[in-house]
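Listed here are the chains, written in short residue letters.
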Amino acid sequence: MTMMMLAKRSQLLSRLQQVPLKYPFAFGVVLSGFKTSFSDLLVQKVVERRQEIDWKRNAAFASFGFLYLGGVQYTLYVPIFGRLFPHTKTFIKLGWRQKLRDTKGLFAVFAQTFLDQCVHHPLMYFPAFYCTRELVMSEKPDFGKVIDEYRRNMKEDLLALWKIWVPATTINFAFMPMHLRIPFVAGVSLLWTCVLSTMRGGDITHGDEMAGGAVTGSTYLLLKEGLDTFNTTPVEMDLNMCHLNISAAGKNRAGLVAMLSRHISDNGGNVTHSKMARLGSEFIIQMHIAVEPLKAQSLLKSLESKHLASELDIQATQLSQRNTEAHSAKMGMRIHCVGSDRPGMLAAVSEKVASQGMSIEDITTKLRVSKSGQREFVIDALVSSKTLLDRGDLDHVIHDISSLQEDLSLSHFDVRVHTA
């Protein structure tokens, strides 16, 4: 009985393995459609944390998977590339050493990768993906606007795409049989969405950027960002060191930074984070210094030397380490604001953050001149919360903070949510 069951299972497995070979187009279309549908379900439940699935949106992304990822890409990767590069089928079967000696086959792999990544994706895939996402995610789709958005994002999108897909596509065209090219693409795309959803769970403000599973500049940036920045500063990184904050100001001249940094180094200090800028005729310096505890007092004393005091007004403060466990961030936000310069913008942003019980971990501001010649004020802030909010509370906080865009007439406003 056991032998019969094993034989039946073996026969079933053998038949299943033959499906992609016998019906490559149908298999690719079905697999791509279901993969795209599953990717969107993953984003809706894990990232956006929806209580109810938006099946209309899911069906639209699934249709994109069936029609474009399964249909159009199959036509390009198999019949078209197969005819343009007929040597590919032979090249795939070769061993490593034979592949490296086959210049014709290597050229075919390079040419297919180039056509896919530098022609197909910029001119066909990305416009189709942006338009599909706009149709699905917007109540009033504006395709002219979304194509303009793609033009602005093209450089970042392509650079992010190539970091992931040039290696993956090279492997695909060099090693995968023709009938497995679309399944391989679907597998890599699904893996990308799974990794992104795992790392970005709870980021309801950028779920739409992850929907569809495409590698874009936005999704690549989302992958790189995390909570480490909110929980770790140089003071917490070197627990066995003494930490100093040095503020200095003096008349600007060449060599001022070299003089101070050399003095600190010669007295056992190590500069980690610093910010220095010329403001008018003054040069302003802010430094974090890590130094061995036994050398801390001598370093502080040396900063009072006449050599330095003649050129710089120096203030030094010893920093204490924070109880990381007690103050560990469970949720963080990156807030980016750009608007016409006017008094009170920083106060408005910091007050809004404080009203939500969140703590500012890092904030920078700067003035710049836009292309139109207008003075713009830019704020970049990292804020943290010791509490992980549920979707309802997070929606409320995001809505409240986002009201700054209208209140301050900001030209650009972005909030990225990070959760543990």
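Scroll up for the structure.
**Section: the overall build of the chain**
Logical step 1: The secondary structure content of the chain amounts to 18 helices and eight strands.
Logical step 2: When each of the 420 residues of the chain is scored for burial, the buried share is 42%.
Logical step 3: Long-range contacts, defined as pairs at least 24 residues apart, comprise 73% of the intrachain contacts of the chain with a sequence gap of at least 6.

**Quick look at the pattern of salt bridges**
Where charged atoms from two side chains of opposite charge approach closely, those side chains can pair.
Logical step 1: Throughout the structure, instances matching the rule amount to eight salt bridges.
Logical step 2: The salt bridge partner of D341 is R375, with a shortest N-O separation of 2.8 Å. Highlighted residues: D341 in the loop between strand 5 (331–340) and helix 17 (345–355) and R375 in strand 7 (residues 375–385), separated in sequence by 34 residues.
Logical step 3: Salt-bridge contacts for D400 lead to K352; the nearest nitrogen and oxygen are separated by 3.5 Å. Taken as a pair, D400 in helix 18 (residues 391–407) and K352 in helix 17 lie far apart in primary sequence, 48 residues in all.

**As for the environment of I398**
Logical step 1: Of note, I398 is situated in helix 18.
Logical step 2: Separated by 19 residues in sequence, I398 and V417 place their C-alpha atoms 9.1 Å apart.

**Regarding the nonpolar core**
One recurring pattern in soluble globular proteins: nonpolar side chains tend to sit buried together.
Logical step 1: One finds F64, Y77, F81, Y125, F126, Y130 and W165 to be the most contacted residues of the largest nonpolar core, which totals 30 residues.
Logical step 2: Elements with a minimum of two residues in this core: helix 3 (55–84), helix 4 (88–92), helix 6 (103–137), helix 7 (143–175) and helix 8 (181–199).

**Some points on the sheet that holds strand 4 (residues 313–319)**
Logical step 1: Spatial strand order, 2-3-1-4: four strands in an open sheet with antiparallel pairing. Edge positions in the open sheet fall to strand 2 (269–279) and strand 4, since each of these has one partner strand only. The sheet shows a mean angle of 15° between the axes of neighbouring strands, direction not considered.
Logical step 2: With seven bridges connecting them, strand 1 (residues 242–251) and strand 4 associate as antiparallel partners. Residue pairing for strand 4: N245 is matched across the bridge by T317.
Logical step 3: Running over the sheet, helix 13 (residues 256–266) touches strand 1, strand 2, strand 3 (282–291) and strand 4 and is turned about 20° from strand 3.
Logical step 4: Against the sheet, helix 14 (residues 293–302) touches strand 1, strand 2, strand 3 and strand 4, its axis set at about 155° to strand 3.

**Considering the packing of aromatic side chains**
Logical step 1: Under the criterion given, the structure shown has 18 aromatic pairs.
Logical step 2: For the ring pair F64 and Y125, a centre distance of 6.2 Å and an interplane angle of 50° mean the geometry is tilted. Note that F64 is positioned in helix 3 and Y125 in helix 6, a separation of 61 residues in sequence.
Logical step 3: For F64, a relative accessible area of 7% corresponds to the buried category.
Logical step 4: An angle of 55° between the planes, with centres 5.9 Å apart, marks the rings of Y68 and Y125 as tilted. Residue Y68 is located in helix 3, and its partner Y125 is located in helix 6; the two are separated by 57 residues in the primary sequence.
Logical step 5: What links up through ring pairs into an aromatic cluster is the set F64, Y68, Y125, F126, F129, Y130 and Y150.
Logical step 6: Sitting over the face of the ring of F91, K99 holds its NZ or CZ atom 5.3 Å from the ring centroid.

**Structural notes on the side chain of R181**
Logical step 1: If you trace the backbone, R181 turns up in helix 8.
Logical step 2: Buried R181, no salt bridge; nearest opposite-charge side chain is D116, N-O distance 9.2 Å.
Logical step 3: Apart from residues no more than four positions distant in its own chain, R181 is found in contact with Y77, F81, T88, Q112, N172, F173 and M176.

**Focus: a nonpolar patch on the surface**
Logical step 1: On the surface, V72, F107, F110, F114, V119, L123 and M124 cluster together into a nonpolar patch covering about 690 Å² of accessible area.
Logical step 2: Among the elements that make up the nonpolar patch, the one with the highest residue count is helix 6 (six residues).
Logical step 3: Mapped onto the elements of the fold, V72 is located in helix 3.

**Some details on helix 6**
Logical step 1: In the structure, helix 6 departs most strongly from a straight axis at H121, where the bend amounts to approximately 65° and where the proline P122 lies between one and four residues downstream.
Logical step 2: For helix 6, the N-terminal capping position is held by D102, with its side-chain oxygen 3.3 Å away from the main-chain nitrogen of K104.

Cut-offs used in this document
Counting from 1, residues in each chain are numbered in the order their sequence is written. Two thresholds apply to this predicted model, a pLDDT of at least 70 for residue-level local features and 80 or more for giving and counting side-chain atom pairs, whereas whole-chain, interface and lining totals are computed over all residues. Note: side-chain values were computed over all heavy atoms of the structure, leaving out hydrogens and water. Strands here mean DSSP runs of E at least two residues long; helices mean DSSP runs of H or I at least four residues long; both are numbered from the N terminus. Each residue is placed in one exposure class: buried if its accessible area under a 1.4 Å probe, protein chains only, is under 20% of its type's maximum, exposed if it is over 50%, and partly exposed if it falls in between. Residues are treated as being in contact if the distance between any of their heavy atoms lies within 4.5 Å. The salt bridge definition used is simple: a Lys or Arg side-chain nitrogen within 4 Å of an Asp or Glu carboxyl oxygen. Among buried residues, those of type Ala, Val, Leu, Ile, Met, Phe, Trp, Tyr and Cys that are joined through side-chain atoms within 4.5 Å constitute a nonpolar core. Two strands are counted as paired when DSSP detects at least two bridges linking them. Lines are fitted to the C-alpha atoms to define the axes, a helix being fitted only along its stretch in contact, and any angle between axes, read from their N-to-C directions, falls within 0 to 180 degrees. Here is the rule: rings of Phe, Tyr and Trp (six-membered ring for Trp) pair when centre to centre is within 6.5 Å. Planes less than 30 degrees apart are stacked, more than 60 are edge-to-face, and the remainder are tilted. By definition here, charges over rings are those cases where NZ of Lys or CZ of Arg is within 6 Å of the ring centre and within 35 degrees of the ring normal. Positive charges are assigned to Lys and Arg, negative charges to Asp and Glu, while His and the chain termini are left out of the count. Patch definition: residues above 30% relative accessible area lacking any salt bridge, with like charges linked at up to 9 Å and the nonpolar side chains Val, Leu, Ile, Met, Phe, Trp and Tyr linked at up to 5 Å. For accessible areas, the Shrake-Rupley method is used with a probe of radius 1.4 Å. Any residue's cover is judged against the shown protein chains and nothing else. Note on bend: at a given residue it equals the angle between the axes fitted to the 7 residues ending there and to the 7 starting there. Pairs of N or O atoms are called polar contacts if they sit within 3.5 Å, as long as, within protein, a hydrogen donor faces a hydrogen acceptor (for residues adjacent in sequence, only side-chain-to-side-chain pairs).

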